[in-house]
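# Architecture and fold: a report
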Amino acid sequence: MADHGSPSGAGEFVLTDVRVVRPGTPEPFDADIHVRDGVIVDVAPGLAGGADAVVEGGGLLAMPGAVDAHMHFGIYDELSEDIAEESRAALQGGVTTGISYIRTGRYYLNRGGPYAEVFPEILSRSEGRSHCDYGYHVAPIEASHVEEISDLVDDHGVTSFKIFMFYGGHGLHGRSDDQAAFLMKPEGERYDVAHFEFIMRALERARRRFPDRADAISLSLHCETAEIMAAYTAIVEARDDVHGLEAYHLSRPPHSEGLAVTTAAYLAHETGCTNINLLHLSSAKAMDAAMRMAEAFPSVDFRREVTIGHLLADISTANGVYAKVNPPIRPREDVEALWEHVLAGNVSWVVSDHACCREETKVDADEPDDVFLAKAGFGGTEYLLAGLFSEGLRRGLRPGDVARLVSAAPAARFGLSTKGDLAPDKDADIVLLDPDATWTIAAADSLSAQEYTPFEGMEVTGRVERVFLRGRQVFADGDVVGEPTGRYLRRPT
């Protein structure tokens, strides 16, 4: 007897009456999806006929679960609580795998020290808490961390690392902070271009040491230039004619991104560090620099990341100081330039840069309208898939392109060979999306702990209806189903 309900376990069933979206395919196609023990067995028409358990898909689009490759679990709230809460929002956005950036210093665990001690604590605080599968990118902050890179690869399956290029000379939230206290580094150490060089050389040593994992080992860079931003911040703060998001944009000008991209690219060329990810490029100038560097240094495999926030919001439409983020939300002309690059195939993947920051943390209690006193970062993973689908299709992006940008491309880069596609031997991470549902974004409807969103009031066409994680239904009817079943992913999987 066929069961037209929804499996709570990861046994065997056939998902029928769906239009399957595969990365890069021109159009969705009618097919059934046979799942056994959390893995896809087959994708083809007519599989439901002889099945013992059949799950009805209602004619919806079946898309691969999104891989949100840029998140910040635990940045402003305790990690075990934050990952539990914000992974719920991830499922709401069709995200079945989240990769979070983590580092020592203020925020996150609020401690320094070797990753041999810190990373097991990160894993312990995460275990059994996440509703989606998860992994971590690690930032080597201290000099000793550089020597731990190979151990992180071998012992913990960490294959991606990060540099925050502006941390050595500019504050996280705008004004320059005491970097020694902020990064909690040993006395006398510097977080500067020389440190970045040594990280790159250590990554190349790791790639040579582990040739079977070399393709998955990569370095991601937050590209902004501290000296440019410090100078422009002083100029902007002295003005009385610009405020809010416009002021923050002007204080961190686009050419500071372009200059940092150029520096990072030459360092990669010099060190032979070939797998480079340029994170959250926010402006026409940043993308122009990234494209120029790819042409100048063809031996470096550059990937170019853009966030859903920088594609949906601009300084006039976003929610005031609540949309403060690094790099900043930009004017509309930069948003349109990013979309041109998306449609031209120059953007490698799209992420959320999700960093839940509750209102009481986000704004200054005494001067809530001062953008320079507000904290940087906001959530958005719950709008990743639907937001890109809605705005992308309106501009000519196809469903298969959306699947490539949020699923297949980040999965391939970050060593997640079992994720990113609806194909045999892949994890049965399946999102059922209604392409015709039109709805309005409201923070009150979000499963995130964040009480606001920069996208408030935006109309979206395309809604995540149901989500399966490794064959288990984990999201339906607007809410999470069951207890957390997310697993830590040692990469490459």
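Notes on the structure follow.

With that settled, the discussion passes to the pairing of strand β3 (residues 39-44). Where strand β2 (residues 29-36) meets β3, 5 bridges bridge the pair, whose relative direction is antiparallel. In the strand pairing of β3, R36 is matched with V39. The antiparallel hairpin formed by β2 and β3 contains 2 residues in its connecting segment, where D37 sits at a positive phi of about 50 degrees.

Here the focus is unusual backbone geometry. Residue P327 is reached from N326 by a cis peptide bond, and omega for that bond is -10 degrees. Residue position: P327 is located in the loop between α11 (308-312) and α12 (332-343). Between R491 and the following residue, P492, the backbone shows a cis peptide bond with an omega angle of -5 degrees. Mapped onto the fold, P492 is located in the segment after β17 (479-480). Located in the positive-phi region is D37, a residue other than glycine, with phi close to 50 degrees. With a relative accessible area of 57%, D37 lands in the exposed category.

Moving on to the pattern of salt bridges. With the rule as written, the count across this model stands at 33 salt bridges. The shortest N-O distance in the salt bridge between D421 and R22 comes to 2.6 Å. Here D421 is found in the loop between α15 (399-413) and β14 (430-440), whereas its partner R22 is found in the loop between β1 (12-20) and β2, with 399 residues between them in sequence. You can call D421 buried: its relative accessible area is 15%. Overall, R22 belongs to the partly exposed group, its relative accessible area being 28%. E391 is the salt-bridge partner of R394, the closest N and O atoms lying 2.5 Å from each other. Of the two residues, R394 and E391 are both situated in helix α14 (residues 384-394); the distance of 3 residues between them amounts to about one turn of the helix.

For any two helices packed against each other, one specifies the inter-axial angle together with the distance between the axes. Axis separation between helix α1 (residues 79-92) and helix α2 (residues 115-126) bottoms out at 8 Å; the angle between their running directions is 50 degrees. In terms of axis orientation, α1 runs oblique to α2. Helix-helix and strand crossings are classified by hand; for α1 and α2 the assignment is right-handed. In contact with L79, S80 and I83 of α1, α2 contributes I122, R125 and S126.

Okay, the side chain of N346 next. Tracing the backbone through its elements, the reader meets N346 in the loop between α12 and β13 (349-351). Among all residues touching N346, those that are not within four sequence positions of it are M287, M291, R304 and H341.

Time to look at helix α8 (residues 244-251). Counting buried positions along α8 yields 6 of 8 residues, so the element is predominantly enclosed. Here the buried face of α8 lies against α7 (226-237), α9 (254-271) and α12.

In the structure shown here, the tally under the stated rule is 20 aromatic pairs. Arranged with centres 4.7 Å apart and planes meeting at 50 degrees, the rings of Y322 and Y452 form a pair that is tilted. Residue Y322 is found in the loop between α11 and α12, and its partner Y452 is found in the loop between β14 and β15 (459-469); the two are separated by 130 residues along the sequence. Among the aromatic residues, those joined into a ring-pair cluster are Y76, Y107, F164, F166, Y167, F182, Y191 and F196. For the cation-ring pair, R103 lies above F164, with the distance from its terminal atom to the ring centre recorded as 6.0 Å. A cation over an aromatic ring shows up here: K162 above the ring of Y101, its NZ or CZ 4.3 Å from the ring centre.

The buried fraction of α14 amounts to 9 of the 11 residues, a majority that puts the element mostly inside the structure. At the exit of α14 stands G396, carrying a positive phi of roughly 110 degrees.

Glancing now at the pairing of strand β6 (residues 66-71). Most of β6 sits out of view: 6 of its 6 residues are buried. Here β6 pairs with strand β7 (residues 95-102) via 4 bridges, running parallel. Its bridge partner being in β7, M71 is matched across the sheet by S100. Where the polypeptide runs from β6 across α1 and back to β7, its parallel neighbour, the crossover connection is right-handed.

Counted by the stated rule, this structure contains 0 disulfides. In this structure C356 is a free cysteine whose sulfur lies 7.3 Å from that of C357, the closest cysteine sulfur available. The exposure class assigned to C356 is buried, which follows from its relative accessible area of 0%.

Among the nonpolar cores identified, the biggest contains 128 residues, and Y136, F161, L219, L221, I276, V350 and L388 are the most heavily contacted of them. Residues within four places of L388 in sequence aside, it is in contact with I308, L311, W339, V350, Y383, L393, L397, V402, L405 and V406.

What follows covers the environment of E257. The topology assignment puts E257 in helix α9. Measuring from C-alpha to C-alpha, the distance between E257 and D68 comes to 22 Å, with 189 residues separating the pair along the chain. If near-sequence neighbours (up to four positions away) are discounted, E257 is found in contact with C223, E224, H280, L281, S282, S283, A286, P327 and R330. Separated by 3.0 Å, the side chains of E257 and S283 make a polar contact.

About the thresholds
All residue numbers refer to positions counted from 1 along the written sequence of the respective chain. Under the rules for a predicted model, residues below a pLDDT of 70 receive no local features and side-chain atom pairs below 80 are neither given nor counted, while totals for whole chains, interfaces and linings still include all residues. Side-chain measures were taken over the full set of non-hydrogen atoms in the model, leaving aside hydrogen atoms and water. At least two bridges found by DSSP between two strands is the condition for calling them paired. Secondary structure follows DSSP: runs of H or I at least 4 residues long count as helices, runs of E at least 2 residues long count as strands, and numbering of each begins at the N terminus. Summary of the burial criterion: residues with accessible area below 20% of their type's maximum are buried, those above 50% are exposed, and those between are partly exposed, where the area comes from a 1.4 Å probe applied to protein chains only. By convention in these notes, a salt bridge is any Lys or Arg side-chain nitrogen within 4 Å of a carboxyl oxygen on Asp or Glu. Between N-to-C directions, angles span 0 to 180 degrees; the directions come from axes that are lines fitted to C-alpha atoms, helices contributing only their stretch in contact. For classification, angles of less than 35 degrees are called roughly parallel, those exceeding 145 degrees roughly antiparallel, those between 65 and 115 degrees roughly perpendicular, and all remaining angles oblique. Whether a crossing is left-handed or right-handed is set by the direction in which the near helix is turned from the far one by less than a right angle, anticlockwise for left-handed and clockwise for right-handed. Here a residue-residue contact requires only that any non-hydrogen atoms of the pair lie within 4.5 Å. When two rings of Phe, Tyr or Trp (its six-membered ring) have centres within 6.5 Å they constitute a pair, described as stacked for plane angles under 30 degrees, edge-to-face for angles over 60, and tilted for the intermediate range. Each ring is checked for a lysine NZ or an arginine CZ that lies within 6 Å of its centre and within 35 degrees of its normal; such an atom marks a charge sitting over the ring. By the criterion used throughout, a crossover qualifies as right-handed when its path from the first strand across the helix to the second strand runs clockwise, the strands pointing away from the viewer. Cysteine sulfur atoms that pair up within 2.5 Å are treated as a disulfide. Take the buried residues of types Ala, Val, Leu, Ile, Met, Phe, Trp, Tyr and Cys, join any two whose side-chain atoms come within 4.5 Å, and each joined set is a nonpolar core. Pairs of N or O atoms are called polar contacts if they sit within 3.5 Å, as long as, within protein, a hydrogen donor faces a hydrogen acceptor (for residues adjacent in sequence, only side-chain-to-side-chain pairs).

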